[in-house]
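Reading the structure
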Amino acid sequence: MRVRYVLSEVLTGLWRNVTMTIAMIITMTVSLTMLGASLLLFFQVGKMEDFFYQRVEVSVFLKPDIKDDQRSNLEESIKSNALVQSYQHETKDQAWSRFQEQFKDAPDLVSSVKPDSLPESYRIKLKDPNKVQDFADQFRTQEGVSDIIDQKQLLKRVFDLLGALQTLALTVAIIQGAAALLLVANTIQVAAYSKRREVAVMKLVGASNWFIQMPFVLEAVFAGLIGAILAFGALVCAKIFFIDGSLKALATVLLPVDWGNIWLMLPVLCGAGGLVSAVTAWVTLRFYVRV
């Protein structure tokens, strides 16, 4: 009987303040979507770091006028170096072919670059990617070497940018979350005020505070859970239509987002939305509304 009464009061309260309930659900959906997106981005950045840092190479670019004996000495030094795991020699023609393949979707860029402008190089994978500086110190002054590029430093800039985007998404989620909490608190105050006479009668007949507050708390939890489910749906749609759809061509660079991480967001978002809404409602009733 009590459970049926509490549930009926919850439905009545939600319908009585339907516009504020909808606004609360929409705000929770936006904030939880941003939270889920920032968490997925966090997982993805970590996955990309592990994937690409294990495959980084050091590029030793050669001078255009390098002599055959200088090239032979350089290759022998690379081959016998204790830091080197493997290496590959890339001629100008091979560099030009690779450039054409990489940027085949940008014909204007390909046409603006001449084959002779791409230098000959050695692509070197080290046993320990953190020893790039030691390797560079040994080979930078060797005859025929034009420049030494560490791909890890180039990737670090990309990951710094992704980290900034992650921080931005999390900041927006926090701001939206704060707005959602204020809206939850305001909705609970309005609901409690509209039922102040009923609450007064219930207290006169000996109803406990827990029994009186429960419908209000469940209203907030309902809005939080609906917002979490809608946020999860938004993430699923983003996965299907954007990540695996229009952005599928970037999967080789950004790596595919695992469905496991997507499904992990459902309990995380429901837990965050439901728990935060319940705590906010309880605190509002406890300290701001006399029920």
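Residues numbered from 1 in each chain as written. Predicted model: local features only at pLDDT ≥ 70, side-chain atom pairs only at ≥ 80, totals over all residues. Heavy atoms only, no water.

Quick note on the threshold: UniProt positions are given in the numbering used here, feature names are shortened, and annotations may be inferred rather than shown by experiment.
The name an unreviewed UniProt entry gives the chain is Cell division protein FtsX, with Dactylosporangium darangshiense as the organism. Per UniProt, the chain has the following entry under Sequence similarities (unreviewed entry): "Belongs to the ABC-4 integral membrane protein family. FtsX subfamily." The UniProt entry for the chain carries the following comment under Function (unreviewed entry): "Part of the ABC transporter FtsEX involved in cellular division."

**Thoughts on the pattern of salt bridges**
To be explicit about the condition: Salt bridge, as used here, is a side-chain nitrogen of Lys or Arg placed within 4 Å of a carboxyl oxygen of Asp or Glu. Only DSSP runs of H or I with at least four residues qualify as helices, and only runs of E with at least two residues qualify as strands; both kinds are numbered from the N terminus onward. Partly exposed residues are those whose accessible area sits between 20% and 50% of the maximum for their type, while under 20% is buried and over 50% is exposed, using a 1.4 Å probe and protein chains only.
Evaluation of the coordinates by the stated rule reveals four salt bridges. Across the salt bridge formed by E90 and R123, the nearest N and O atoms sit 3.0 Å from each other. Note that E90 is positioned in strand β2 (residues 84–90) and R123 in strand β3 (residues 121–126), a separation of 33 residues in sequence. With respect to burial, E90 and R123 carry one shared label: buried. The partner of R140 in a salt bridge is D147, and the shortest N-O contact between them spans 3.9 Å. We classify R140 as partly exposed; its relative accessible area is 40%. By relative accessible area, D147 is classed as partly exposed at 32%. Each member of the salt-bridge network shares a partner with another, and the members are D68, R71 and E120.

**Here's the deal with the environment of T284**
Structurally, the position occupied by T284 is in helix α11 (residues 259–287). For T284, a relative accessible area of 3% translates into the label buried. With 99 residues separating them along the chain, T284 and A185 place their C-alpha atoms 5.8 Å apart.

**A few points about the packing of aromatic side chains**
Each aromatic ring pair is described using two quantities: the centre-to-centre distance and the angle formed by the ring planes. Here is the rule: Here a Phe, Tyr or Trp ring, Trp counted by its six-membered ring, pairs with any other such ring whose centre lies within 6.5 Å, and the pair is stacked when the planes are under 30 degrees apart, edge-to-face when over 60, and tilted otherwise.
Applying the stated criterion across every chain yields a total of four aromatic pairs. Taking the centre distance of 4.5 Å and the plane angle of 25° together, the rings of F135 and F139 count as stacked. With F135 and F139 both in helix α6 (residues 132–139) and four residues apart, the pair spans about one turn of that helix. According to the relative accessible area criterion, F139 is buried, its value standing at 3%. Pairing F232 with W263 gives two aromatic rings, centres 5.2 Å apart and planes at 45°, and the pair type is tilted. Residue F232 is located in helix α9 (residues 209–246), and its partner W263 is located in helix α11; the two are separated by 31 residues in the primary sequence.

**Section: the sheet that holds β3**
Remark on secondary structure: sheet strands pair via backbone hydrogen bonds, oriented parallel or antiparallel. The test is simple: Note on pairing: DSSP must find at least two bridges between two strands before they are called paired. Note on geometry: axes are C-alpha line fits, over the in-contact stretch for helices, and angles between N-to-C directions span 0 to 180 degrees. Contacts: residue pairs with any heavy atoms within 4.5 Å of one another.
Taken together, the four strands give an open sheet; going across it, the order is β2-β3-β1-β4, and neighbouring strands pair in antiparallel fashion. Of all strands in the sheet, those bounded by a partner on one side alone are β2 and β4 (145–150). In this sheet, neighbouring strand axes are inclined to one another by 20° on average, regardless of whether the strands run parallel or antiparallel. Bridge count for strand β1 (residues 58–62) against β4 is five bridges, and the pairing is antiparallel. Bridge assignment links V60 to a residue of β4, and that residue is I148. The strands touched by α6 within the sheet are β1, β2, β3 and β4, with β4 carrying the most contacts at an inclination of about 180°.

**Regarding the confidence of the model for the chain**
Cut-off, in case you're wondering: What pLDDT expresses is the predictor's confidence in each residue, scored from 0 to 100.
Of the residues in the chain, 79% have a pLDDT of 70 or more, and the chain-wide mean is 77. Mean pLDDT values for the elements of the chain range from 58 in helix α1 (residues 2–16) up to 87 in helix α3 (residues 68–80).

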